[in-house]
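Close look at the chain arrangement
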Amino acid sequence: MGKKDKNKKKGKGAEKTTMKTDKKLVAKQKKLLEKIGEDDIVNIVATLEANEQRRTTVTETVVPPPSPRSNFSFCAHPDKEELILFGGEHFDGQKLAVYNELYFYNIPKNEWKLVMAPAGPGPRSAHQMVSVASDGGQLWLFGGEHSTPSQMQFYHYRDLWVFRIASRKWEKVVTQTGPSPRSGHRMIAHKKKLFVFGGFYDTGISYKYYNDVWIFSLESYQWQCINAKGSIVPAPRSAGCMAATPDGKILVWGGYSKTSVKKEIERGVTHADMFALTPEKNDATGLQWKWSSVKPGGHRPAPRSGVNVTVAPNGKGYIFGGVLDVNEDEENLDGSYSNEMHLLELANPTWRLIELKGKKDKSKSKDEDAEDMDIDADAQTSTQVSSDGIFTITVGGSSSNPKVKSKPKSETYNVPSPRMKPGLAICKGTLYLYGGEYENGSKQYTLNDFYSLDLHKLDEWKTIIKQDLAACEWMESESEESGSDSDSDDDDDDDDDNDSDDESDDSSGIDTD
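Everything numeric in this text was worked out from a predicted model, so none of it was measured.

**A word on the overall build of the protein chain**
Scanning the protein chain from N- to C-terminus turns up four helices and 36 strands. In the protein chain, buried positions account for 48% of the 513 residues. Counting contacts in the protein chain only where the partners sit at least 6 residues apart, residues at least 24 apart contribute 62% of the total.

**Overview of unusual backbone geometry**
For Lys-191, which is not glycine, the phi dihedral falls at a positive 50 degrees. With respect to the element layout, Lys-191 can be found in the loop between strand E12 (186–190) and strand E13 (193–202). Using a relative accessible area of 60% as the deciding quantity, one classes Lys-191 as exposed. Unusually for a residue other than glycine, Lys-428 sits at a positive phi of about 55 degrees. Of note, Lys-428 is situated in the loop between strand E33 (423–427) and strand E34 (430–440).

**Brief notes about the sheet that holds strand E11 (residues 169–173)**
Spatially, four strands are ordered E6-E7-E10-E11 in an open sheet, and the strand pairing comes out antiparallel. Edge strands, defined here as strands with exactly one partner in the open sheet, are strand E6 (128–132) and E11. Neighbour to neighbour, the strand axes of the sheet diverge by 20 degrees on average, direction disregarded. Note that strand E10 (residues 160–164) and E11 share five bridges and pair antiparallel. Directly across from Leu-160, in E11, lies its bridge partner Val-173.

**So, the environment of Gly-240**
With respect to the helices and strands, the residue Gly-240 is situated in the loop between strand E15 (223–226) and strand E16 (241–244). Here Gly-240 falls in the buried class, since its relative accessible area comes to 5%. Between the C-alpha atoms of Gly-240 and Gly-199, which are 41 residues apart in sequence, the distance is 9.1 Å. In this structure, Gly-240 is in contact with Arg-186, Trp-253, Gly-254, Gly-255, Val-307 and Asn-308, ignoring residues within four places of it in sequence.

**A few points about the side chain of His-77**
With respect to the helices and strands, the residue His-77 is situated in the loop between strand E2 (73–76) and strand E3 (82–91). The class for His-77 is buried, based on a relative accessible area of 6%. A distance of 3.1 Å separates a polar side-chain atom of His-77 from the backbone nitrogen of Lys-80.

**Quick look at the confidence of the model for the protein chain**
Per-residue pLDDT for the protein chain has a mean of 80; in total, 74% of the residues score no lower than 70. Here residues 479–513 is a poorly scored stretch, pLDDT under 50, and it has 45 contacts once near neighbours within four places are set aside; other chains count.

**Topic: the packing of aromatic side chains**
Applying the stated criterion to the full structure yields 33 aromatic pairs. Against the face of Tyr-99 rests Arg-69, its NZ or CZ located 4.1 Å from the ring centre. When the ring centre of Tyr-207 is taken as origin, the NZ or CZ atom of Lys-258, which lies over that ring, is 4.6 Å away.

**Points about the pairing of strand E20 (residues 274–279)**
The sheet contact formed by strand E17 (residues 250–253) and E20 spans four bridges and is antiparallel. Each residue of the ladder has a partner; that of Val-252, found in E20, is Phe-275. Bridge count for E20 against strand E21 (residues 289–294) is six bridges, and the pairing is antiparallel. The partner of Ala-276 across the bridge, within E21, is Ser-292.

**Looking at the sheet that holds E20**
Spatial ordering of the open sheet is given by E16-E17-E20-E21, a layout of four strands whose pairing is antiparallel. The sheet is open, and its two borders are formed by E16 and E21, each paired with just one other strand. In this sheet, adjacent strand axes meet at a mean angle of 20 degrees when their direction is disregarded.

What counts as what
Residues numbered from 1 in each chain as written. Predicted model: local features only at pLDDT ≥ 70, side-chain atom pairs only at ≥ 80, totals over all residues. Heavy atoms only, no water. Helix = DSSP H or I, 4+ residues; strand = E, 2+ residues; numbered from the N terminus. Buried < 20%, exposed > 50% of the residue type's maximum accessible area, 1.4 Å probe, protein only. Contact = heavy atoms within 4.5 Å. Pairing = 2+ DSSP bridges. Axes fitted to C-alpha atoms, helices over the stretch in contact; angles between N-to-C directions. Polar contact = N/O pair within 3.5 Å; in protein donor to acceptor, adjacent residues only side chain to side chain. pLDDT = per-residue confidence, 0-100. Phe/Tyr/Trp six-rings, centres within 6.5 Å; stacked < 30°, edge-to-face > 60°. Lys NZ or Arg CZ within 6 Å of the ring centre and 35° of its normal.

Right, dumping it as structure tokens:
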């Protein structure tokens, strides 16, 4: 009994330490916000939503292409030769801009239209939007986040919206239950349902990653959280891939999560595992599902996040780019960016690395070629290469422990530069890629280039919009003047934390559970 009581006392002490740490961080953030004159983010979001409510008419304007951005949603119109882009963000080194613009790109006309409709969603990034064919075409949008220009405050949404394309009307769908606020999740439309998996919630002081699954019925307009069974389930994560197979399963692959290893030190995990969510047989409710681990065949991509998958009508999924954190220690990490394109056979999960056959882009310099990411050949085994004269597919090998490095490729066929968080969409047998971001050391470049690739020929990428280097110029960050003041404030509070309740030093500071 004595030992049990002692452990119980330590648990309370650790909990109080965490609470006090959180309070200190909140107080510190409040002082910094007052110093830079930034309002509370709840008030900022409320003002933005009120501005949307004041719009009363629909306007459509032919405009130049969208500004550089990442973390936006990008999908094809369910019936027409159009692509649709919503939201996103752009950080230039000093300020973060978050958007709620809704663009329609007419493919035959090569024309962008900005559609502004009354009472729509507020600015956000890292949300999800899908299109369905019902009612002349609908866009369904869930979640995402809004960050202040200083990036000191984050607001996560849990709202669900539908945009009726034919009538140009937004509608906020209000339900009694639903997923918690989050961003970085994944959402697909399948058999008159929306499936939402994972994501994260980050206040700037604490964070949490998710692996829950929610289903929204497009017929009853109700959310249901499913309690999927399985001895092995995917770890909580965000920024991975999610797709439905022809036989009704849901595949999840890749993504990112982080945990605290000790006070003020976090470590990220980039995932490479794949799981299948399978409906239980003879289940009339549609809510009984089971997780199972999947070992896909073929040329497996290296672990990566900041990717999404777009699926063609023939059941083939395509991913491009992504990032893997390498050379990570307790304080620093580097991102290894990819411009590889992989194909995933969904019916019998198998990866293919696609290497295009086309005209070499001679305009690229050797230095630009050297930036292209490749997987070290030493990490591959049992590799076979086949070609039909149009494209080459490499099959075999394992990348469970890949050695990722940057090296010149022998040939480059106008391949878009390495990046993460681009927009991918397929329309009429053509894959389209827009924007994204790339980091080089401490600099983060947001892109606005635009490409297309004929999936029947797979010969070469065609450039629709070249990258505007001036538009993604990096601004040197302003010097922080609040460091010494904040440190002195922390020193003043230290004595308050050293009381008898904290005799156990088991807490790591911020609770990340």
